[in-house]
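Here is how the chains run, residue by residue.
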Amino acid sequence: MVFAGFPAAAFEFYQQLELDNTRSFWLENKHVYDSAIKEPFAELSGAVTKPYGALRLFRPYRDVRFAKDKTPYKTQAGAVGESEGGVSFYVAISATGMYVGSGMYQLSPDQLDRWRTAVDNAKKGAAIEKVTATLRSAGYEIGSMEALKTAPRGFAKDHPRVELLRMKGLTSGRSFPNAKWIHTANALDRITGAWDDAKPLRTWLERNVGPSTEAPPEPD
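To keep things clear, this report deals only with the structure shown in the data block.

What counts and how
- Residues numbered from 1 in each chain as written.
- Predicted model: local features only at pLDDT ≥ 70, side-chain atom pairs only at ≥ 80, totals over all residues.
- Heavy atoms only, no water.
- Helix = DSSP H or I, 4+ residues; strand = E, 2+ residues; numbered from the N terminus.
- Expected span 1.5 Å × (residues − 1).
- Buried < 20%, exposed > 50% of the residue type's maximum accessible area, 1.4 Å probe, protein only.
- Salt bridge = Lys/Arg side-chain N within 4 Å of Asp/Glu carboxyl O.
- Polar contact = N/O pair within 3.5 Å; in protein donor to acceptor, adjacent residues only side chain to side chain.
- Pairing = 2+ DSSP bridges.
- Contact = heavy atoms within 4.5 Å.
- Phe/Tyr/Trp six-rings, centres within 6.5 Å; stacked < 30°, edge-to-face > 60°.
- Lys NZ or Arg CZ within 6 Å of the ring centre and 35° of its normal.

Looking at helix α3 (residues 109-120)
Part 1 of the argument: Between its first and last C-alpha atoms α3 spans 17 Å; for 12 residues at 1.5 Å apiece the expected length is 16 Å, and the two agree.
Part 2 of the argument: Every buried residue of α3 is listed here: Asp110, Gln111, Leu112, Trp115, Arg116, Ala118 and Val119.

Put into structure tokens, the structure is as follows:
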């Protein structure tokens, strides 16, 4: 299978799903999801597995147990892979276009300790501060899924890198509009290009944070 981009039908599917997020719509149009979304993600995974790792497509169903919004389906499709050093590679499409990101999205407690120690270090902290500044100037969004409102315990509120210390992860990403090239093989170059641009960030994280060494939680 050769990745030839995400077809226009994928974006039309999510435009319609936003208007009619029901089981009946899903069942009537599941063949579109399978052919225009699921299959291209599988093809993309095959294209990037060797340099970046295989991608895992997230389930399309929402967890609505504790949500006020009970619509059953996600209005985007996302897939993620991970390097041996613990860095994730992420791609998502929705009605409006495509998002590509990489980094460490949610740090476990042992990773968080190593992250804060490295950011606090004058040399290592200055290095990642420079990396994030360079990526921002190139148009990338720098952030994390979760951040503290103030400096973590044990660190000064006026620390020179307090913004980074507050983060509980570090990612670089870019949003792309639903342009014609997304429906072609050129989409692969945009995806891998965003990952490659973030290589300095990835290298720093793998060297200074690395994968979690904690045992996974016991099953209930």
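Right, picking up where we left off after that structure.
Regarding the pattern of salt bridges
Two side chains carrying opposite charge are able to pair once their charged atoms lie near each other.
Part 1 of the argument: This structure, assessed with the given rule, holds six salt bridges.
Part 2 of the argument: A salt bridge links Arg65 to Asp63; the shortest N-O distance between them is 2.8 Å.
Part 3 of the argument: Two residues, Glu146 and Lys168, come together in a salt bridge whose shortest N-O distance is 3.6 Å. Linking Glu146 in the loop between β5 (141-143) and α5 (162-166) with Lys168 in the loop between α5 and β6 (170-177), this pair joins segments that are 22 residues apart in sequence.

Digging into the environment of Asp69
Part 1 of the argument: Topologically, Asp69 is positioned in the loop between β1 (56-57) and β2 (76-82).
Part 2 of the argument: The class of Asp69 is partly exposed, set by a relative accessible area of 39%.
Part 3 of the argument: There is a polar contact of 2.8 Å between the side chain of Asp69 and the side chain of Thr71.

A closer look at the pairing of β2
Part 1 of the argument: Among the seven residues of β2, five are classified as buried, and the element is accordingly described as predominantly covered.
Part 2 of the argument: Both β1 and β2 contribute to a ladder of two bridges, which runs antiparallel. Looking at the pairing, Leu57 lines up with Ala79 of β2.
Part 3 of the argument: Bridge count between β2 and strand β3 (residues 88-94): seven bridges; the pairing is antiparallel. If you follow Gly78 over to β3, its bridge partner there is Ala92.

Some remarks on the environment of Ala10
Part 1 of the argument: Looking at the element boundaries, Ala10 is found in helix α1 (residues 8-19).
Part 2 of the argument: For the pair Ala10 and Arg23, spaced 13 residues apart in the sequence, the C-alpha separation amounts to 18 Å.
Part 3 of the argument: With residues up to four places along the chain from it excluded, the contact list for Ala10 reads Ala36, Ile37 and Ile93.

Overview of the packing of aromatic side chains
The geometry of an aromatic ring pair comes down to the distance between the two centres and the angle between the two planes.
Part 1 of the argument: By the definition in use, this model includes 18 aromatic pairs.
Part 2 of the argument: A ring pair is formed by Phe6 and Phe41, whose centres lie 4.8 Å apart and whose planes are at 55°; its orientation type is tilted. With Phe6 in the segment before α1 and Phe41 in helix α2 (residues 23-52), the pair connects residues that are 35 residues apart, well separated along the chain.
Part 3 of the argument: For Phe6, a relative accessible area of 0% gives the class buried.
Part 4 of the argument: Judged by its relative accessible area of 3%, Phe41 is buried.
Part 5 of the argument: Cluster of aromatic residues (ring-pair linked, three or more members): Phe13, Tyr14, Phe25, Trp26, Tyr33, Tyr61 and Tyr73.
Part 6 of the argument: One residue, Arg174, lies across the ring of Tyr140, its end atom 4.0 Å from the ring centre.
Part 7 of the argument: Over the face of the ring belonging to Trp181 we find Arg190, whose NZ or CZ atom lies 4.1 Å from the ring centre.

So, the environment of Thr150
Part 1 of the argument: For Thr150, the location among the structural elements is in the loop between β5 and α5.
Part 2 of the argument: Looking at Thr150, the relative accessible area reads 36%, which means it is partly exposed.
Part 3 of the argument: With near-sequence residues (within four places) excluded, Thr150 lies in contact with Lys157 and Arg166.

Quick look at the sheet that holds β2
Two modes of strand pairing occur in sheets, parallel and antiparallel, and in both the strands are linked by backbone hydrogen bonds.
Part 1 of the argument: Taking strand neighbours across the sheet as the criterion, the six strands line up as β1-β2-β3-β4-β6-β5 in an open arrangement whose pairing is antiparallel. Each edge of the open sheet is held by one strand with a lone partner, namely β1 and β5.
Part 2 of the argument: Where β3 meets strand β4 (residues 97-104), seven bridges bridge the pair, whose relative direction is antiparallel. Counterpart to Ser88 in the pairing with β4 is Gly103.

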